[in-house]
Structure formats: structure tokens, C-alpha cells
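Structural characterization, general
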Amino acid sequence: MLFQRAYAKINLTLDVLGRRDDGYHEVDMVMQTVDLSDVVWLEPREDGEITMESTSSSVPMDERNLCVQAARAFRRRTGFAGGVHIQLEKHIPVAAGLAGGSSDAAAVLRGLNQLAGAGLTLDELADIGAEVGSDVPYCVYGGLAIARGRGERVTRYAHVPAMYAVLLHPRIFVSTADVYRGLQPSDFTSSPRSEEMVRCLAEGDHERAVSLVHNALERVTLSLYPELRALKERVTSIAQRPVHMSGSGPTMFVLTPVHTHAQRLYNALRGIMKDVYVCRFVGGYAHAHARS
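Described in the following lines is the structure provided in the data block. For clarity, every value in this text was computed on a predicted model and none was experimentally measured.

Quick look at the packing of helix α2 (residues 100–116) against helix α3 (residues 122–129) now. Where α2 meets α3, the axes come as close as 10 Å, and the angle between the chain directions of the two elements is 130 degrees. With respect to α3, the element α2 is oriented oblique. In the packing of α2 onto α3, the handedness of the crossing is right-handed. Along the contact surface, α2 presents Leu109, Arg110 and Asn113, while α3 presents Leu122, Leu125, Ile128 and Gly129.

This is the structure we're talking about:
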């Protein structure tokens, strides 16, 4: 049996450049993995079947799950005929804007690559991941990266910023499709902040980096879900630092380069909600995060 960690991501920037002819939106965003993670266990099956179980009752166990879709995509691309049983240990909140499902699918791709002895590069795995979902290619790599197009065109950076994120997950369902449908032309930009964000992080200019955090979807999400707007205002008054949303939400986060500050903030926020996490930024999968 083999396992892979599947790290959550946050969006440090998310700029929308416009609507594409294929119905998707063109995005330009800085992504960063944090050390909140699911664990994906892979066990070979001799009967050639793809099966799955999870510690969470909130995720489907059939072909609707991105893990199963990833395994099928891997077999189509490589010709691998072996079966696999996927055990998913969930810690990342579901439907949270943290790419938990995409990261799980990416972990399946990395793990099957080892299990099958296919020897594919991360670039080749990311290409397979693009068939499964827009965030899966980034999640194959992890770490600090700029994602463009639908999110499938990924530029990686080796730098690991010395930052902490305090995550808050309100138990509110947010429809990503509704959020994107709610975008107006005034939400689009031709001047994304990705390059400047990466430069500030590489130079250790953390305060400037924090000032650049931006999410073009946040206006729509907060207008559709007033309870999230009220929560953001309350958290801002407690944190006395900017509060931002990851993806289409509902998860929010506060950044700080100081661990003791992150821990104090965690303690304060646990007084108003249950799902609060202190996370550090982590690097990508240049080396396999797996063990037999």
C-alpha cells in the first residue's frame, strides 16, 4: 500500500480577465499550498477494478469523485490495466474553495504513477489532470505557482514563502457556478497582480505581499451570501488584519509571517466558530511525498 498527501491550496491572487468562447472564464492567479492535507492511500487490486472509500460521508464514492475520474484518466493515457482501491482520509473541508477534491485527484495521479511504475513526469501527470478538472494540474505540482487559462497552465516557483495562514471555514455551501455567473465586466481586469505577488514573496516583502492579496470572485460571493459578508466584518474586527476569501469561498484566511501571531489569532477565532486552522506555506512535489 502506498500513500500520498494531498495539500489544500489558497488563492493569493485571483484575477478574471474575461469570459472565453468555450464558456469558461480566463483567470490569472497565484496559488499556494498549505499544510492542511488529506491522505490518499492506494492499494493494488488484482481484479482490475477501481474502488473507493472515505472517512467523509460528504464525498461520493463512485465515478462522480475526482479520485475515480483521475484513476480512469491515468489508465486511458498509460494503458495501465491494474485495479486500485483508493482510501481517502479527509481533513480538508469539502466544497470549501481549498481544492480538496482536486488535490485528492492529483494525489491519485502521483500515486498511480509510482504504483504502475509508469515513470511519468509531473508535467505529464498535470496534462492528464487537465482532463479531470481545472485545478488538478496545479495540485499535481503544489507549492507556489501562477495558474492561467482555466487554471490548467501552470508556472511553478521553487521559493517557499515563510508565511502562515489562519483558515476559517464557515459551514455554508457556495455555488461556484452561481458566483462565476454573477461576474460583471467591471470585475474583469487586464492588469493581473500575479507577477508582482510572486516577486514580493521571493524577496521576503511579506507586508507588500499581503497588501496585494486579491480575489475577483469575492464581491459576487459576499453579495450572494450576506452571512459571509457579516462574518468577514466580524473576523476583520478581531484580526485587525485583512481577511480574504479562497477561490469562490466560503473559506476565508488571514496571512501573517509570525507563527505566534497566527496562534493567537486562532485562539481568538475559535471563540466564534469551530473550523479554524493554523497552516504554514509548503513547497511543491519536486520530490515524491509518498511511502510504501
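Within this structure, the stated rule accounts for 19 salt bridges. In this structure, Asp22 and Arg20 form a salt bridge, with 2.7 Å as the shortest nitrogen-oxygen distance. Residue classification places Asp22 among the partly exposed residues on the basis of a relative accessible area of 43%. Classification of Arg20 as partly exposed rests on a relative accessible area of 21%. Among the salt bridges present, the one from Arg280 reaches Asp35, with a minimum N-O distance of 3.5 Å. Of this pair, Arg280 sits in strand β11 (residues 276–280) while Asp35 sits in strand β2 (residues 25–45), and the two are 245 residues apart along the sequence.

Overall, antiparallel pairing links the four strands, which are arranged β9-β10-β7-β11 in an open sheet. What marks the edges here is a single partner per strand, and that holds for β9 (244–245) and β11. By the bridge criterion, two bridges tie β9 to strand β10 (residues 252–256) in an arrangement that is antiparallel. By the bridge assignment, Met245 is partnered in β10 with Met252.

Calculation rules
Residues numbered from 1 in each chain as written. Predicted model: local features only at pLDDT ≥ 70, side-chain atom pairs only at ≥ 80, totals over all residues. Heavy atoms only, no water. Axes fitted to C-alpha atoms, helices over the stretch in contact; angles between N-to-C directions. Helix = DSSP H or I, 4+ residues; strand = E, 2+ residues; numbered from the N terminus. Parallel < 35°, antiparallel > 145°, perpendicular 65-115°, else oblique. Left-handed = near helix turned anticlockwise from the far one by under 90°. Contact = heavy atoms within 4.5 Å. Salt bridge = Lys/Arg side-chain N within 4 Å of Asp/Glu carboxyl O. Buried < 20%, exposed > 50% of the residue type's maximum accessible area, 1.4 Å probe, protein only. Pairing = 2+ DSSP bridges.

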